[in-house]
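# Residue-level structural notes
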Amino acid sequence: MKKSLSQWLTHLETAHSNGLIDMGLSRVSEVKTRMNLVPHCPVVVVAGTNGKGSVCAYLSQIYTEAGFKVGTLTSPHLLRYNERIAVNTEPVPDDVIVESFERIEAARGDVSLTYFEFNTLAAADIFIREQVDVMVLEVGLGGRLDAVNIFDADCAVVTSVDLDHESYLGNTVEAVGFEKAGVFRSGKPAVCGQVPPPQSLQNHAENIGAPLLLLGRDFGVTKLENVQWSFHFHPQTAGGLFSDGLKRNRNALPMPALRGAYQTNNAACALAVLECLNDKLPVDLGAIKRGLLKVNNPGRFQVLPGRPLTILDVGHNPHAARALRQSLINLPYAQKRIAVFSILADKDSDGVIGILKDQFDEWYIAPLDMPRGMDAESLRQKLESCGIGRLKTFENVAAAYRAALADAGENDRITVFGSFHTVAEVMATL
């Protein structure tokens, strides 16, 4: 019998003998070749510790506003798997994904594939059949050995570089930087939003001949009292890709619809990509402005309507925690600040809690019902060891959120954070 999408996903969670993560390109490259998955349009690959999803969202919305057909691969999803594979920012239907899975299954033979490898192949298969004008592909983990890296980027982005997934990517920023720089290609522009960039990333770009465009050197942001901003593009060492002395300004841009202190930098990375691909995919200023105003990326410092002020943020590592802290500091005064928090056991919870503990008066905690989730007692002990005393424990995140809503007054603030899974549980209740 034909499997439904949910049956396929249940199957894929256990289908690969080495588990959900099995770094390497040989198996997925073999199936890509068997399926003849060759993009006939520009490909943008987006890597980075944080900010990947936002840059993909900006690119997808702006290119859609400009009249192009856009295929976007992102991960993970919050509520539905279909969120991962979108055409013109709309998730594709179940039957389209199922038919692609069936084609992959028929082509793979005895080659075993992980959940994410199926995900990547299905996205490319669907986008090629849909004849999209541009593919925007978000890296799942790292870059060099991630399944997305079987496709050559016409422009590659590394949004940020910090420690995360250390058992796979290394325990230094330089090691992580090298892994993420693996998405760069010889002769193709590489955009980096990390200031300063890791030396390993710069060295790799130079070694393979990838023209590197750096935030703060080749492109940048000027804000006007948080009402408008300008984008400046003045490539210094772009390997002859641009005419000498090229200088482009995009002025009087609206502040992005995505909230957060770091979002103009993410938007600037996206606009740098637009400049790099302008010959193939020309975009007018109106499309950029509309895209900035209409962009949507749930769970990234997402402010819910109404009172008390409620913020959803998927941040789950110290780099994201620092960004969340700055964004919270920029908000108006709140009488009582409540954290609804849960995190996976394999994350740097000490780092996340230490960075954010002064931003909350009370913590409402709960376990995540999954193998990697931290149990309630471990969460409680972790918070207490960080000097946090005012905390309440609940059976699940949804119960913690409902209690926070019941306890909060209209001048209070609730922040839900710690994991994609934490935010997803709350979003499912809304």
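This text follows the structure it describes.
So, a few notes on the structure that sits alongside this text. (Residues numbered from 1 in each chain as written. Predicted model: local features only at pLDDT ≥ 70, side-chain atom pairs only at ≥ 80, totals over all residues. Heavy atoms only, no water.)

### So, the packing of aromatic side chains
- Enumeration over the complete set of coordinates arrives at 14 aromatic pairs.
- Grouped by ring-pair contacts, the aromatic residues W8, Y81, F101, Y115 and F118 constitute a single cluster.
- The aromatic ring of W8 is capped on one face by K3, whose charged end is 4.5 Å from the ring centroid. (Phe/Tyr/Trp six-rings, centres within 6.5 Å; stacked < 30°, edge-to-face > 60°. Lys NZ or Arg CZ within 6 Å of the ring centre and 35° of its normal.)

### Notes on the nonpolar core
- In this structure, F101, I104, F127 and F184 are the most contacted members of the largest nonpolar core, which totals 58 residues.
- Among residues more than four places away in sequence, those in contact with I104 are V31, M35, L113, F118, L121 and A122. (Core = buried A, V, L, I, M, F, W, Y, C linked by side-chain atoms within 4.5 Å. Buried < 20%, exposed > 50% of the residue type's maximum accessible area, 1.4 Å probe, protein only. Contact = heavy atoms within 4.5 Å.)

### A word on the sheet that holds strand β7 (residues 190–192)
- Pairing in this open sheet of eight strands is mixed, and the strands run β4-β3-β2-β5-β1-β6-β7-β8 from one edge to the other. Since the sheet does not close on itself, it has two edges, and those belong to β4 (90–91) and β8 (212–214), each with one partner. (Pairing = 2+ DSSP bridges. Helix = DSSP H or I, 4+ residues; strand = E, 2+ residues; numbered from the N terminus.)

### Re the sheet that holds strand β10 (residues 228–233)
- Read across the open sheet, the three strands follow the order β9-β10-β11; overall the sheet is antiparallel. The sheet is open, and its two edges are formed by β9 (219–224) and β11 (248–254), each paired on a single side. In this sheet, adjacent strand axes meet at a mean angle of 20° when their direction is disregarded.
- Sitting on the sheet, helix α9 (residues 263–276) is in contact with β9, β10 and β11, with an inclination near 40° to β10.
- Sheet strands touched by helix α10 (residues 285–294): β10 and β11. Its angle to β11, the strand with the most contacts, is close to 40°. (Axes fitted to C-alpha atoms, helices over the stretch in contact; angles between N-to-C directions.)

### Structural notes on the side chain of E275
- Considering the arrangement of structural elements, one finds E275 in helix α9.
- Judged by its relative accessible area of 5%, E275 falls in the buried class.
- Here the side chain of E275 touches R250 through a polar contact of 3.3 Å, side chain to side chain.
- In contact with E275, not counting residues within four places along its chain, are F231, F233, F242, R248 and R250. (Polar contact = N/O pair within 3.5 Å; in protein donor to acceptor, adjacent residues only side chain to side chain.)

### Side note on unusual backbone geometry
- Here the residue pair S75 and P76 is connected by a cis peptide bond, since its omega of -10° sits within 30 degrees of zero.
- Note on placement: P76 falls in the loop between β2 (70–73) and β3 (85–87).
- Of the consecutive residues R307 and P308, the connecting peptide bond is found in the cis state with omega at -5°.
- Within the element layout of this structure, P308 appears in the loop between β12 (302–304) and β13 (309–313).
- Residues other than glycine seldom take positive phi values, yet N36 does so here, at roughly 55°.
- Looking at where N36 falls in the secondary structure, it is placed in the loop between α2 (26–35) and β1 (43–47).
- Looking at N36, the relative accessible area reads 57%, which means it is exposed.

### Regarding the pattern of salt bridges
- Inspection of every chain in the model, using the stated rule, returns 25 salt bridges.
- A salt bridge links D152 to R185; its shortest N-O distance comes to 2.6 Å. Here D152 is found in the loop between β5 (134–138) and β6 (155–158), whereas its partner R185 is found in the loop between α7 (173–180) and β7, with 33 residues between them in sequence.
- R185 sits in the buried class, given a relative accessible area of 17%.
- With a closest N to O distance of 2.8 Å, D218 and R217 form a salt bridge.
- Accessibility expressed as a relative area gives 37% for R217, which makes it partly exposed.
- One network of salt bridges, with partners in common, ties together E65, R290 and K294. (Salt bridge = Lys/Arg side-chain N within 4 Å of Asp/Glu carboxyl O.)

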